[in-house]
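Observations on the three-dimensional arrangement
The lines below spell out each chain.
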Number of protein chains: 2
Amino acid sequence: MTLRADARRNRDLLVAAATGVVAEEGPEASLNEIARRAGVGPGTLYRHFPTRDALLAAVFEGRLSRLCEQAEELSASAPPGEALVAWLRLLTVHAMTDKGLGARMMLPTSAASVDCWAMLRAAADGLLKPAQESGHLRPDVDFTDLVELTAGIAQSAPDPARAHRLLTLTLDGLRIPPARA
Amino acid sequence: MTLRADARRNRDLLVAAATGVVAEEGPEASLNEIARRAGVGPGTLYRHFPTRDALLAAVFEGRLSRLCEQAEELSASAPPGEALVAWLRLLTVHAMTDKGLGARMMLPTSAASVDCWAMLRAAADGLLKPAQESGHLRPDVDFTDLVELTAGIAQSAPDPARAHRLLTLTLDGLRIPPARA
DNA sequence: ACCTGAACACCGTTCAAGT
DNA sequence: ACCTGAACACCGTTCAAGT
């Protein structure tokens, strides 16, 4: 199952090149350009990553595991309500990196990101349930709701400050509820 | 200022062709394909619409004016809070049409859509202020907030039913507020 | 096994030549 | 004035030929 040495090396070169190019040009960056910068032929890129999303997922993996670590740290160091909100803010920032790569990878739309999705979900569940059990988060909200809302905000907000505001609004609600008895 | 007869005709053919192609393939549809279907050369397309967004704006105009009409109708026929919510739902559905054309055009990102933005804003203001004055909408929320939130939802939600749910969540808020005294 | 890179059909965009 | 369509540099993707 392990790759031949040169194949392994080419794979690493491709992921490194893709990381650089995607950081500069976003997730629609030219695949030929990535292969060129990695010093391999386009065919080699396709051999290792049959689809664009497969390559993007490899680029994305490192950042994703960082986000999962942070979820654990927050869950250990802050009260449930605050930990969840803090992590949602990290998730939003994250979704804005690399001109939309983040938002693209965290939505379940791209079938290649099934692994990413599972990792994210596991990390989030550790924050979600305590927040609900302690009465800080509505019990009818689930992981999918949170990801879609934060990904949407990240795609629409022109800058991080706007994203921060939109997330705050979403947490608190736009509507003024009728006064309670 | 009026166009020569053949130029006028070509312009109309281009918008009609673009409307069809964009409905099928979304806002990234091939411009050469649009020119081909309109029966003109690619140069003619560029003469009339120097950028892709200029062409998309022309396609978008019809739908947009419909949305403005609906804002007026709602504002006349429903109480302020309900009228605004109903219109936000229309806006969301609208932003999902043509594989993202709507969301793309209502964000102020594309400089070519300045006119669209102004039209939308005028329509929305007639609903926003009454809702705030009657105590149904938070007074610190503005038009930009509403557009960015609905555009975000439209981009992230996989289908209209999900979009409906996400908008409801955003209106009501995710967080459970501490009990009031 | 794996890599190479030429090749194909396409794209956005431009511009000399026409009417 | 406006239109045409060939042409250019690029893109994603494939595949025979090499090692």
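As the structure is a computational prediction, the values presented were derived from the model and not from experiment. Residue positions are given per chain, counted from 1 along the sequence in the order it is written. Numbering of ligands from 1 and lettering of chains from A proceed in the order in which they are written. Only residues with pLDDT of at least 70 get local features here, since the model is predicted, and only at 80 or more are side-chain atom pairs given and counted; chain-wide, interface and lining totals rely on the full set of residues. To get the side-chain values, take all heavy atoms of the structure and skip hydrogens and water.

1. Quick look at the overall build of chain A
Here a strand is any run of E in DSSP of at least two residues, a helix any run of H or I of at least four, and the numbering for each starts at the N terminus. Broken down by element type, chain A carries 9 helices and 0 strands. Ordered by position from N to C terminus, the α and β elements of chain A give α-α-α-α-α-α-α-α-α. With the C-alpha coordinates of chain A rotated into their principal frame, the extents come out at 70 × 35 × 25 Å. Within chain A, buried positions represent 46% of all 181 residues. It only takes one pair of heavy atoms within 4.5 Å for two residues to be counted as in contact. Taking contacts inside chain A between residues at least 6 apart in sequence as the whole, the part at least 24 apart equals 63%. Using a 1.4 Å probe, the Shrake-Rupley method yields the accessible areas, and only the shown protein chains count as cover for residues. A total of about 8900 Å² of accessible surface is found on chain A, and carbon and sulfur atoms cover 56% of it. Buried, partly exposed and exposed residues are distinguished by accessible area as a fraction of the type maximum, computed with a 1.4 Å probe on protein chains only: under 20%, between the cut-offs, and over 50%, respectively.

2. Some words on the nonpolar core
I34 and W87 of chain A together with I34 and W87 of chain B are the most contacted members of the largest nonpolar core, which totals 122 residues. When sequence neighbours within four positions are dropped, the list of residues in contact with W87 of chain B reads L67, Q70, A71, L74, L120, A123, A124 and L127 of chain B. The definition of a nonpolar core used throughout is a set of buried Ala, Val, Leu, Ile, Met, Phe, Trp, Tyr and Cys residues joined through side-chain atoms within 4.5 Å.

3. As for the packing of aromatic side chains
Any aromatic ring pair is given by two values, namely how distant the centres are and how the planes are angled relative to each other. All names here are of chain B. Planes of paired rings set the category: under 30 degrees apart is stacked, over 60 is edge-to-face and the rest tilted, where pairs are Phe, Tyr or Trp rings (Trp by its six-membered ring) whose centres lie within 6.5 Å. Applying the stated criterion to the full structure yields 2 aromatic pairs over all chains. Relative to F143, the ring of W117 lies with its centre 5.1 Å away and its plane at 55°, an arrangement referred to as tilted. With W117 in helix α7 (residues 114-133) and F143 in helix α8 (residues 143-156), the pair connects residues that are 26 residues apart, well separated along the chain. Here the two residues W117 and F143 agree in accessibility, since each one is buried.

4. A short note on the domain arrangement of chain A
All names here are of chain A. Domain boundaries shown here were taken from an automatic or database domain assignment. Its domain assignment divides chain A into domain 1 (1-50) and domain 2 (59-174). The C-alpha centroid of domain 2 is placed 28 Å from the C-alpha centroid of domain 1. Across the contact, 10 residues belong to domain 1 and 7 residues belong to domain 2. Whenever a carboxyl oxygen of Asp or Glu lies within 4 Å of a side-chain nitrogen of Lys or Arg, that contact is scored as a salt bridge. Scanning the region where domain 1 abuts domain 2 turns up 1 salt bridge. Here R104 ties to E28 by a salt bridge, and the two come within 3.2 Å at their closest N and O atoms. A 3.5 Å cut-off defines polar contacts: any pair of N or O atoms within that distance qualifies, except that in protein one atom must be a possible hydrogen donor and the other a possible acceptor, and neighbouring residues in sequence count only when both atoms are side-chain atoms. If you look at where domain 1 meets domain 2, you find 2 residue pairs in polar contact (both at pLDDT 80 or more).

5. Some points on the interface of chain B and chain A
Across the boundary between the two partners, chain B contributes 36 residues, which contact 36 residues of chain A. Between chain B and chain A the total buried area reaches about 3300 Å² when both faces are included, carbon and sulfur atoms providing 50% of it. Accessible surface is computed with a 1.4 Å probe, and the buried area is the amount of it that two parts give up when combined, taken over both parts together. Together, R138, L174 and R175 of chain B form the three largest contributors to the area buried by chain B at its contact with chain A, with a combined 22%. Between D172 of chain B and R175 of chain A there is a salt bridge, with its nearest N and O atoms 3.1 Å apart. On inspection of chain B and its partner chain A, the count reaches 26 residue pairs in polar contact (both at pLDDT 80 or more). Contributing elements (two or more residues each) for the side of chain B that touches chain A: α8 and α9 (160-172) of chain B.

6. Thoughts on the protein's contact with DNA strand C
We call a residue near a molecule or strand as soon as one heavy atom of that residue lies within 4 Å of the molecule or strand. Taken together, 20 residues are adjacent to DNA strand C, and N10 and T44 of chain A together with L31, N32 and Y46 of chain B come closest. Close to the protein, within 4 Å, the atoms of DNA strand C belong to sugar or phosphate groups at a rate of 65%. With respect to DNA strand C, the side chain of N10 of chain A contributes an N or O atom lying 2.5 Å from a phosphate oxygen. One of the backbone nitrogen or oxygen atoms of G43 of chain A is found 3.3 Å away from a base oxygen of DNA strand C. Secondary-structure elements contributing two or more residues to the surface near DNA strand C are α1 (5-25) and α3 (42-48) of chain A together with α2 (31-38) and α3 (42-48) of chain B.

7. Digging into unusual backbone geometry
Residues and elements named next belong to chain A. Unlike most non-glycine residues, D98 shows phi in positive territory, near 55°. Position of D98 relative to the elements: it lies in the loop between α5 (80-95) and α6 (101-106). Looking at D98, the relative accessible area reads 12%, which means it is buried.

8. Remarks on helix α7 (residues 114-133) of chain A
Residues and elements named next belong to chain A. Here the expected length of a helix is defined as 1.5 Å per residue gap, with one fewer gap than residues. Here α7 spans 28 Å end to end across 20 residues, near enough to the 28 Å set by a 1.5 Å rise per residue. The bend at a residue is defined as the angle formed between two axes, one fitted to the seven residues ending at that residue and one fitted to the seven starting there. A124 marks the point of greatest bend in α7, at about 35°. Taken residue by residue, α7 has C116, W117, L120, A123, A124, L127, L128 and A131 as its buried positions. On its buried face, α7 is in contact with α4 (52-77), α5, α6 and α8 (143-156). Positioned one or two residues after α7, G135 has a phi angle of 80°, which is positive.

9. Quick notes on the relation of the copies chain B and chain A
Its rotation angle being 180°, the transformation that places chain B on chain A also includes 0.0 Å of axial translation and leaves an RMSD of 0.0 Å. Classification of the inter-copy transformation places it as that of a two-fold axis. Most of the interface of chain B is mirrored in chain A, where 100% of its interface residues again form contacts. C-alpha atoms of residues with pLDDT of at least 70 in both copies form the basis for the least-squares superposition of the copies.

10. Some remarks on the protein's contact with DNA strand D
Taken together, 20 residues lie around DNA strand D, and L31, N32 and Y46 of chain A together with N10 and T44 of chain B are the ones closest in. A share of 64% of the atoms of DNA strand D within 4 Å of the protein falls on sugar and phosphate groups. One of the side-chain nitrogen or oxygen atoms of Y46 of chain A is found 2.6 Å away from a phosphate oxygen of DNA strand D. G43 of chain B has a polar backbone atom sitting 3.3 Å from a base oxygen of DNA strand D. Secondary structure elements with two or more residues in the surface near DNA strand D: α2 (31-38) and α3 of chain A together with α1 (5-25) and α3 of chain B. With 5 residues, α3 of chain B is the largest single contributor of residues to the surface near DNA strand D.

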